[in-house]
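Coordinate analysis (summary)
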Amino acid sequence: MLAKNPYAKYANNKINTASGEELTLMLYDGALKFCNQAIIALENNNIEKANNLLIRVQDILQEFQITLDRRFPISEELFRIYDFLIARIMEANLKKDIAIIEEVLGFIRQLRETWKQAMLLSRKQQST
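Only a predicted model underlies this, so the values are computations on that prediction, with no experimental measurement involved.

Thoughts on the overall build of the chain
Secondary structure assignment for the chain yields five helices and zero strands. The order of helices and strands in the chain, counted from the N terminus, is α-α-α-α-α. If you take every contact in the chain between residues at least 6 apart in sequence, the share linking residues at least 24 apart comes to 60%. Split by element, the accessible area of the chain, about 8600 Å² in all, is 56% carbon and sulfur.

A few points about the packing of helix α2 (residues 20-43) against helix α3 (residues 47-66)
The N-to-C vectors of α2 and α3 enclose an angle of 160 degrees; their axes lie 8 Å apart at closest approach. Taken together, the axes of α2 and α3 are roughly antiparallel relative to one another. Regarding α2 and α3, the two cross each other, and that crossing is left-handed. In this structure, α2 contributes Thr24, Leu27, Tyr28, Gly30, Ala31, Phe34, Cys35, Gln37, Ala38, Ala41 and Leu42 to the contact, and α3 contributes Ile47, Lys49, Ala50, Leu53, Leu54, Arg56, Val57, Ile60, Glu63 and Phe64.

Regarding the nonpolar core
Taken as a class, soluble globular proteins show a tendency for nonpolar side chains to be buried jointly. Within the largest apolar cluster, 28 residues are counted, with the highest numbers of intra-cluster contacts made by Cys35, Val57, Leu61, Tyr82, Ile89, Ile101 and Ile108. Going through the elements one at a time, α2, α3, α4 (73-95) and α5 (98-127) are the ones with two or more residues in this core. Examining the composition of this core, we find that nine residues originate from one element, α2, more than from any other. In this structure, Ile101 is in contact with Cys35, Ala38, Ile39, Leu42, Leu54 and Ala92, ignoring residues within four places of it in sequence.

Some thoughts on the packing of aromatic side chains
Tallying each qualifying case throughout the model produces three aromatic pairs. Look at Tyr28 and Phe64: their rings are 4.5 Å apart centre to centre, the planes differ by 40 degrees, and that puts the pair in the tilted class. Placement of the pair is Tyr28 in helix α2 and Phe64 in helix α3, with a sequence separation of 36 residues. There is no split in this pair, since Tyr28 and Phe64 are both buried. Residues Phe84 and Phe107 carry aromatic rings whose centres are separated by 5.7 Å and whose planes lie at 75 degrees to one another, so their mutual orientation is edge-to-face. A residue pair is termed long-range when its members are at least 10 positions apart, and Phe84 in helix α4 and Phe107 in helix α5 qualify at 23 residues. Relative accessible area serves as the criterion here: at 37%, Phe84 is assigned to the partly exposed category. Aromatic rings pair up to connect Tyr28, Phe64 and Tyr82 into one cluster. Seen from the ring of Phe79, Arg70 lies directly overhead, with NZ or CZ sitting 4.2 Å from the centre.

About the criteria used
- Residues numbered from 1 in each chain as written.
- Predicted model: local features only at pLDDT ≥ 70, side-chain atom pairs only at ≥ 80, totals over all residues.
- Heavy atoms only, no water.
- Helix = DSSP H or I, 4+ residues; strand = E, 2+ residues; numbered from the N terminus.
- Contact = heavy atoms within 4.5 Å.
- Areas by Shrake-Rupley, 256 points an atom, 1.4 Å probe, with all protein chains shown as cover.
- Axes fitted to C-alpha atoms, helices over the stretch in contact; angles between N-to-C directions.
- Parallel < 35°, antiparallel > 145°, perpendicular 65-115°, else oblique.
- Left-handed = near helix turned anticlockwise from the far one by under 90°.
- Core = buried A, V, L, I, M, F, W, Y, C linked by side-chain atoms within 4.5 Å.
- Buried < 20%, exposed > 50% of the residue type's maximum accessible area, 1.4 Å probe, protein only.
- Phe/Tyr/Trp six-rings, centres within 6.5 Å; stacked < 30°, edge-to-face > 60°.
- Lys NZ or Arg CZ within 6 Å of the ring centre and 35° of its normal.

Structural data, given as structure tokens:
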């Protein structure tokens, strides 16, 4: 069925051909999307959907933790940030608290923007 859906085929191709840096950016985008969808689900009192979406955000943050190269000092800082965000997402999920999700959204937006800027800087340096 996946092959018959042109959008799914395009999305699958995009993932399969993306660099590690681009995949990380896609994961940040996914975390932002799932947070926003969880907020909408909570506003519509769809608790089960919100729960599933917040678990997806938690999974993405845990994936970030797992893939950190711990040889670099910045990795330890990022690990603690992700740990904090995971704890906040879990709290938001338990309390069904939109304000906490919005707080996490702010952090993820900043991390995504920082990652995007680092990608652009790296590409610029590689081209010179």
